[in-house]
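Architecture and fold: a report
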Amino acid sequence: MSVAQEIHDKLSTAFSPVDLQVVDDSASHAGHAGAPAGGESHFNVRIRAAAFAGQNRLARHRAVHAALGADLVGRIHALALDIDAA
């Protein structure tokens, strides 16, 4: 399973979002420091879910990182998050 699919599955399960987009942007960063040769290292995530209502930006980011888990987050070089309540 691709890293993008893992991200999608974990976030879908954790938050039941009304909108979830996971974009692998690794090709745009090929060759730069920290980017592995195999790609699957840079991701842009847009997520909208009711679970984020009333949370500030830091709490939302922490919730996403917790849902992904330390193992998966550790395999990602860059993760851009666009999080909001549904």
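The model shown is predicted, which means the values in this text are computed figures rather than measured ones.

**What about the pattern of salt bridges?**
Within this structure, the stated rule accounts for 6 salt bridges. Measuring nitrogen to oxygen at the nearest pair gives 2.9 Å for the salt bridge that ties E6 to R75. Taken as a pair, E6 in helix α1 (residues 3-15) and R75 in the loop between α3 (70-74) and β3 (78-84) lie far apart in primary sequence, 69 residues in all. Given the relative accessible area of 16%, E6 is considered buried. Accessibility expressed as a relative area gives 38% for R75, which makes it partly exposed. The closest approach of N and O atoms between D71 and R75, which form a salt bridge, is 3.7 Å. Each member of the salt-bridge network shares a partner with another, and the members are D19, R46, R48 and D82.

**Examining the side chain of S26**
Residue position: S26 is located in the loop between β1 (19-24) and β2 (42-48). Here the side chain of S26 touches H42 through a polar contact of 3.1 Å, landing on its backbone nitrogen. Excluding residues that lie within four positions of it along the chain, S26 makes contacts with G39, E40, S41 and H42.

**Focus on α1**
Along its 13 residues, α1 runs 18 Å from first to last C-alpha, staying within 8% of the 18 Å computed at 1.5 Å per residue. Those residues of α1 that sit buried are V3, A4, E6, I7, L11 and F15. Along α1, the residues classed as buried sweep out an arc of 160° about the axis, all on the same side. On its buried face, α1 sits against β1, β2, α2 (57-68) and α3. Positioned one or two residues after α1, S16 has a phi angle of 45°, which is positive.

**A short note on the pairing of β2**
Judged by how many residues are buried, β2 sits mostly within the fold: 5 of 7 residues are covered. Both β1 and β2 contribute to a ladder of 6 bridges, which runs antiparallel. Bridge pairing in β2 links Q21 to R46. Pairing analysis gives 7 bridges linking β2 to β3, with the strands arranged parallel. Opposite N44, over in β3, you have A80 as the bridge partner.

**With respect to the sheet that holds β3**
Strand order in the open sheet made by the 3 strands is β1-β2-β3, with mixed pairing throughout. One side of each edge strand has no neighbouring strand; the edge strands of this open sheet are β1 and β3. Along the sheet, successive strands turn relative to each other by an average axial angle of 10°, direction set aside. Docked against the sheet, α1 engages β1 and β2, running at close to 20° with respect to β2.

Rules of the game
- Residues numbered from 1 in each chain as written.
- Predicted model: local features only at pLDDT ≥ 70, side-chain atom pairs only at ≥ 80, totals over all residues.
- Heavy atoms only, no water.
- Salt bridge = Lys/Arg side-chain N within 4 Å of Asp/Glu carboxyl O.
- Helix = DSSP H or I, 4+ residues; strand = E, 2+ residues; numbered from the N terminus.
- Buried < 20%, exposed > 50% of the residue type's maximum accessible area, 1.4 Å probe, protein only.
- Polar contact = N/O pair within 3.5 Å; in protein donor to acceptor, adjacent residues only side chain to side chain.
- Contact = heavy atoms within 4.5 Å.
- Expected span 1.5 Å × (residues − 1).
- Arc of directions from axis to C-beta.
- Pairing = 2+ DSSP bridges.
- Axes fitted to C-alpha atoms, helices over the stretch in contact; angles between N-to-C directions.

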